[in-house]
Structure formats: C-alpha cells, structure tokens
Amino acid sequence: MKHLLLVEDETAIADAVAYALRAEGYEVRHCLDGRAALEAVDSGRFDLAILDVGLPDINGFALCGELRRGTPLPVIFLTAQAAESERVLGFDLGADDYIAKPFSLRELVARVRVVLRRGVPDTAMPGSKRTGAFEHDVEGRRIRYHGLVLDLTRYEYGLLAALLARPGAVLSRMQLMERVWGDALDSGDRTVDTHVKTVRGKLRAVAPEVDPLRTHRGIGYSLDLD
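The model shown is predicted, which means the values in this text are computed figures rather than measured ones.

A.B. asks: What is the right way to look at the overall build of the chain in this model?
C.D. replies: Scanning the chain for helices and strands turns up eight helices and twelve strands. Looking at the chain as a whole, 46% of its 226 residues are labelled buried. Nonlocal contacts in the chain, meaning residues at least 24 apart in sequence, comprise 59% of its contacts between residues at least 6 apart. For the chain, the accessible surface area stands at approximately 11300 Å², while carbon and sulfur atoms represent 49% of it.

A.B. asks: Just to check I follow, could you spell out the packing of helix α2 (residues 34-43) against helix α3 (residues 60-67) for this structure?
C.D. replies: Pairs of packed helices are described in terms of their axes, by the angle between the two and the distance that separates them. Following both chains from N to C, one finds α2 and α3 inclined at 15°, their axes separated by 11 Å at the closest point. Between α2 and α3, the angle is such that the two are roughly parallel. As for the relative orientation of α2 and α3, their crossing is right-handed in sense. For the pair α2 and α3, the contacting residues are Gly34, Ala37, Leu38 and Val41 in the first and Leu63, Glu66 and Leu67 in the second. Of the residues that constitute the contact of α2 with α3, the class distribution is five nonpolar, one polar and one charged.

A.B. asks: I tried to follow the sheet that holds strand β12 (residues 220-223) on my own but got confused; where do I start?
C.D. replies: Strand pairing in a sheet relies on backbone hydrogen bonds. The paired strands run either parallel or antiparallel. Strand order in the open sheet formed by three strands is β10-β12-β11, and the pairing between neighbours is antiparallel. Two strands bound the open sheet, and with one partner strand each, they are β10 (171-172) and β11 (213-216). Sheet topology note: the β10/β12 ladder contains two bridges and is antiparallel. Paired with Ser172 across the two strands is Gly220, which belongs to β12.

A.B. asks: Hey, could you run me through the side chain of Thr198 in this one?
C.D. replies: Within the fold, Thr198 resides in helix α8 (residues 189-206). Residue Thr198 is classed as buried on the basis of its relative accessible area of 16%. A distance of 2.8 Å separates the side chain of Thr198 from the side chain of Glu156, its partner in a polar contact.

A.B. asks: Could you clarify how one ought to interpret the packing of aromatic side chains in this entry?
C.D. replies: Here the distance between the centres and the angle between the planes together describe a pair of aromatic rings. One pass over the full model with this rule turns up four aromatic pairs. Relative to Tyr145, the ring of Phe134 lies with its centre 4.5 Å away and its plane at 25°, an arrangement referred to as stacked. Here Tyr145 lies in strand β8 (residues 142-145) and Phe134 lies in strand β7 (residues 134-137), a separation of eleven residues in the sequence. When sorted by exposure, Phe134 lands in the same class as Tyr145, which is buried. Here the aromatic residues Phe61, Phe77 and Tyr98 are joined through ring pairs into a cluster of three or more.

A.B. asks: Whenever I open this one, the packing of helix α1 (residues 11-23) against helix α5 (residues 105-117) confuses me. Can you help?
C.D. replies: Between α1 and α5, whose axes approach to 10 Å, the crossing angle comes to 55°. In terms of their interaxial angle, α1 and α5 are classed as oblique. As for the relative orientation of α1 and α5, their crossing is right-handed in sense. Mapping the contact onto sequence places Ala16, Val17, Ala20 and Leu21 in α1 and Leu105, Leu108, Val109 and Val112 in α5. When its residues are assigned to classes, the contact of α1 with α5 shows eight nonpolar, no polar and no charged.

A.B. asks: Whenever I open this one, the pairing of strand β1 (residues 3-7) confuses me. Can you help?
C.D. replies: The side chains of a regular strand alternate, residue by residue, between the two faces of the sheet. Judged by how many residues are buried, β1 sits mostly within the fold: four of five residues are covered. The pairing of β1 with strand β2 (residues 27-31) spans five bridges and is parallel. When the sheet's bridge partners are listed, Leu6 is paired in β2 with His30. Of the strand pairs in this sheet, β1 and strand β3 (residues 48-52) are connected by four bridges, and their pairing is parallel.

Basis of the calculations
- Residues numbered from 1 in each chain as written.
- Predicted model: local features only at pLDDT ≥ 70, side-chain atom pairs only at ≥ 80, totals over all residues.
- Heavy atoms only, no water.
- Helix = DSSP H or I, 4+ residues; strand = E, 2+ residues; numbered from the N terminus.
- Buried < 20%, exposed > 50% of the residue type's maximum accessible area, 1.4 Å probe, protein only.
- Contact = heavy atoms within 4.5 Å.
- Areas by Shrake-Rupley, 256 points an atom, 1.4 Å probe, with all protein chains shown as cover.
- Axes fitted to C-alpha atoms, helices over the stretch in contact; angles between N-to-C directions.
- Parallel < 35°, antiparallel > 145°, perpendicular 65-115°, else oblique.
- Left-handed = near helix turned anticlockwise from the far one by under 90°.
- Nonpolar A, V, L, I, M, F, W, Y, C, P; charged D, E, K, R; others polar.
- Pairing = 2+ DSSP bridges.
- Polar contact = N/O pair within 3.5 Å; in protein donor to acceptor, adjacent residues only side chain to side chain.
- Phe/Tyr/Trp six-rings, centres within 6.5 Å; stacked < 30°, edge-to-face > 60°.

No statement about biological role is implied by the geometric values presented.
Have a look at this one:
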C-alpha cells in the first residue's frame, strides 16, 4: 500500500481529496500546516506528498525543500495560482506535477497514479558507470561530478542520466521529455529548458571553469565530455 502525505489547510478540500485517494486504496496522512507535515515525515515514510502552496505557516515551495532533505520524495503541488511564473517555479524546484484549483478529483487521482508509477528512467543501466568526470550510481540514483555527489531533484537527475547515457549525442526537447518525464500530464518544452538551467548551475558550482552541458539552438542539448 502506498502512503501519501496531504498538506492542505482547507479542510473541505482536504476531506474530499483524502476520501478520493483512500477509495483508490492509498493510505493518506493529512496535515493542516507545514510544521505538522515535517513532524509526520520525521515519524514515518511516504511515497508521495501533495502540498498546498498557500499554507498558513510556510510557503509550500519552501516546505517542499524541507521535506526533500535526504530523500527523493515525489511532490504534487496544489495552488490557487495558475500563473505561468508560479508553475515554472514549482517545476524548477523539482515538482513532479502541478494542479491549479479548482480541480477534478478524478484528474488528481490520475496524476497521483502517474507519478507513483514512474520509475528509474529507461536510459539507466544496472551498476555504476564512470563517464569522464561523472560517475553514475544507478541503484542509488546518485550522480557524482568531479567526485562530489550532486544534489539533484527527481527530474534533474533524470535529465542528467538521460544525457549521460548518450554522451556527445544531441537529444531534442521531445526526446528528453519522453525519456525523463514520460507520460507526465501537462508538461512542455519550457520544463526541459528550466531543468537544464538548474542542472547547469549545479555543475558550474562544482567546476566553474567548464560547461559540459551544451545548448544546440533549435535542436536540443548534449553532454560533451571533451
């Protein structure tokens, strides 16, 4: 049975969401605010978190960062803000999905199902593989760069793993969407660009003198190891 963490301060919405998810066989722990959510994570393990962005004590985006310290917890954001900037920020923080209120309970359940069934990207291979300055530990879902473990979100890891699987090859945005985001609902080209930007920043933080992540305008991206 999958255990879900629901953090929503509007009880009417929370009750409806929890009921729909439990009807699908999920175990749901509901918290009204960020503090209760952090306490819940400290005392138990969850397979996915559904976070309201507008919580009374902490912004949902900030809570996402706290919940993910030391764990690759999948996250779906709920928000009354449908602006593109809000959505981009959510995906930039590694959101697995983003749902604007009001929403259909059937759609929410479907999105939860999609996120939960995502596994290791198809490009990954068993074992640890060294490629240039990179070392990919597939089982641990960790990538080291110049000996340092990169602090990557779920999709940042998938993006870099996909490029590492074919060093030097140019992968289009569509190819990256298929390999990394799979059947994700409501994602687009800008999602890829946003994650490339954050991954590039994390690589430069380790080795600022080189930039192995290359942009090919109008085509896509590649990881060059020369």
